[in-house]
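Each chain, written out:
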Amino acid sequence: MDTTYDERLAAFSRERLDGRPVPDDLRVLLLAHWEGRDDFTHLLGLEFFEEGELHPFLDTGYLSEAELADPEMQAVNAGVARLTEYVKLVAKGGKGWVGYWVHPDEPAVRPIELDTEFTLWQMTGSTLAEAVAFERSAYLDEPDERVAYGQLAAELAALGLPLGTADYDALDDSDYTVDPEKLMETLIEAERAARGLR
């Protein structure tokens, strides 16, 4: 592999995944993106973060000065900022952004979605590619989502990205060990308490 791509993958890992290894499916998607291929983007609807682009939980640029000065808003911002330790977003797509839930109490890294209202959603699938393909299958022309997912899985495999399963019903939809939304509430409450806002 080109050294430049190795360096870019390492930089992406440091910036987006806290140095964790880049999952195999994400590696394939990133290399295609950097090579200017849009086939995966077309199929999965993902737009990867560029270097230096802020995690949505850290981006407060849309808030007014009054909002930024408000103690309640400061508590919320501090709480969600702490959540970035466990929510590693890598791309825009789906309802807002997608990435990984990496809480240490989880038995495995899981895909996760953050919508534009800042609600965290569990995703079905054991990899990011499976999870995004599962969601996309609901919006394809094929009325049967199971068939649509299988067709999408076949197209991705033909492009060099085989999914762990092409069987819609075999996708991992087990609950996360740690609920991201509950943890967000806990972290925000801790920040509120630290500011005497209880």
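Before going into details, it helps to say that this report is about the structure given with it. Keep in mind that this is a model prediction, so the values were computed, not measured.

A separate point is the layout of surface pockets. Considered as a void within the structure, the largest pocket measures approximately 250 Å³ in volume. Lining the largest pocket are 15 residues, and of these Gly94, Lys95, Glu113, Glu135 and Tyr139 sit closest to its centre. Here the lining of the largest pocket takes four residues from helix α6 (residues 128–136), the largest share from any one element. Classifying every residue of the lining of the largest pocket by side-chain character gives six nonpolar, five polar and four charged.

Before going further, it helps to spend a moment on the packing of α6 against helix α7 (residues 145–158). Each packed pair of helices is defined by two parameters, the angle between the axes and the distance between the axes. Close contact between α6 and α7 brings their axes to 9 Å; oriented N to C, the two are set at 135 degrees. Looking at the two axes, α6 sits oblique to α7. For the crossing formed where α6 meets α7, the hand is right-handed. Listed contacts from α7 to Glu130, Ala133, Phe134 and Arg136 of α6 are Tyr149, Leu152 and Leu156. Residues of the contact of α6 with α7, tallied by class, amount to five nonpolar, no polar and two charged.

Time to look at the packing of aromatic side chains. Across all of its chains, the model carries eight aromatic pairs by this definition. Summarising the aromatic geometry, the rings of Tyr86 and Trp101 are spaced 6.1 Å apart at their centres and angled 65 degrees between planes, so their arrangement reads as edge-to-face. Taken together, the residues Tyr86 in the loop between α5 (71–83) and β2 (87–93) and Trp101 in strand β3 (residues 96–101) connect sequence positions 15 residues apart. Summarising the burial analysis for this pair, Tyr86 and Trp101 share the class buried. Taken together, the ring pairs in this structure connect Tyr5, Phe12 and Trp34 into an aromatic cluster. In this structure, Lys95 is placed above the aromatic ring of Trp121, and the distance from its NZ or CZ to the ring centre is 4.4 Å.

This next bit is on the pattern of salt bridges. For the coordinates displayed, the defined rule picks out 13 salt bridges. The closest approach of N and O atoms between Arg110 and Asp172, which form a salt bridge, is 3.8 Å. Remark: Asp172 occurs in the loop between α7 and α8 (180–194) and Arg110 occurs in strand β4 (residues 110–115); sequence separation between them is 62 residues. On the basis of relative accessibility, which here comes to 27%, the residue Asp172 falls in the partly exposed class. Here Asp169 makes a salt bridge to Arg146, at a shortest N to O gap of 2.9 Å. Of the two residues, Asp169 is situated in the loop between α7 and α8 and Arg146 in helix α7; the sequence distance between them amounts to 23 residues. Through salt bridges with shared partners, one network takes in Glu35, Arg37 and Asp39.

Turning next to the pairing of β4. With six of its six residues buried, β4 lies for the most part within the structure. Residues Arg110, Ile112 and Leu114 of β4 are buried on one face, and the alternating residues Pro111, Glu113 and Asp115, pointing to the opposite face, are buried as well. Judged from the six bridges that link them, β3 and β4 form a sheet pairing that is antiparallel. Residue pairing in the sheet places Gly96 in a bridge with Asp115 of β4. Pairing between β4 and strand β5 (residues 120–122): three bridges, direction antiparallel. Bridge assignment links Ile112 to a residue of β5, and that residue is Gln122. Between β4 and β5, which pair antiparallel in sequence order, lie four residues; one of them, Phe118, sits at a positive phi of approximately 65 degrees.

Reading guide: rules and limits
- Residues numbered from 1 in each chain as written.
- Predicted model: local features only at pLDDT ≥ 70, side-chain atom pairs only at ≥ 80, totals over all residues.
- Heavy atoms only, no water.
- 1 Å grid on protein atoms, 1.4 Å probe; cavity = no way out; pocket = protein on both sides within 12 Å on 5 of 7 lines; lining within 4 Å.
- Points joined across faces, edges and corners; volume = space filled by probe spheres on them.
- Helix = DSSP H or I, 4+ residues; strand = E, 2+ residues; numbered from the N terminus.
- Nonpolar A, V, L, I, M, F, W, Y, C, P; charged D, E, K, R; others polar.
- Axes fitted to C-alpha atoms, helices over the stretch in contact; angles between N-to-C directions.
- Parallel < 35°, antiparallel > 145°, perpendicular 65-115°, else oblique.
- Left-handed = near helix turned anticlockwise from the far one by under 90°.
- Contact = heavy atoms within 4.5 Å.
- Phe/Tyr/Trp six-rings, centres within 6.5 Å; stacked < 30°, edge-to-face > 60°.
- Buried < 20%, exposed > 50% of the residue type's maximum accessible area, 1.4 Å probe, protein only.
- Lys NZ or Arg CZ within 6 Å of the ring centre and 35° of its normal.
- Salt bridge = Lys/Arg side-chain N within 4 Å of Asp/Glu carboxyl O.
- Pairing = 2+ DSSP bridges.

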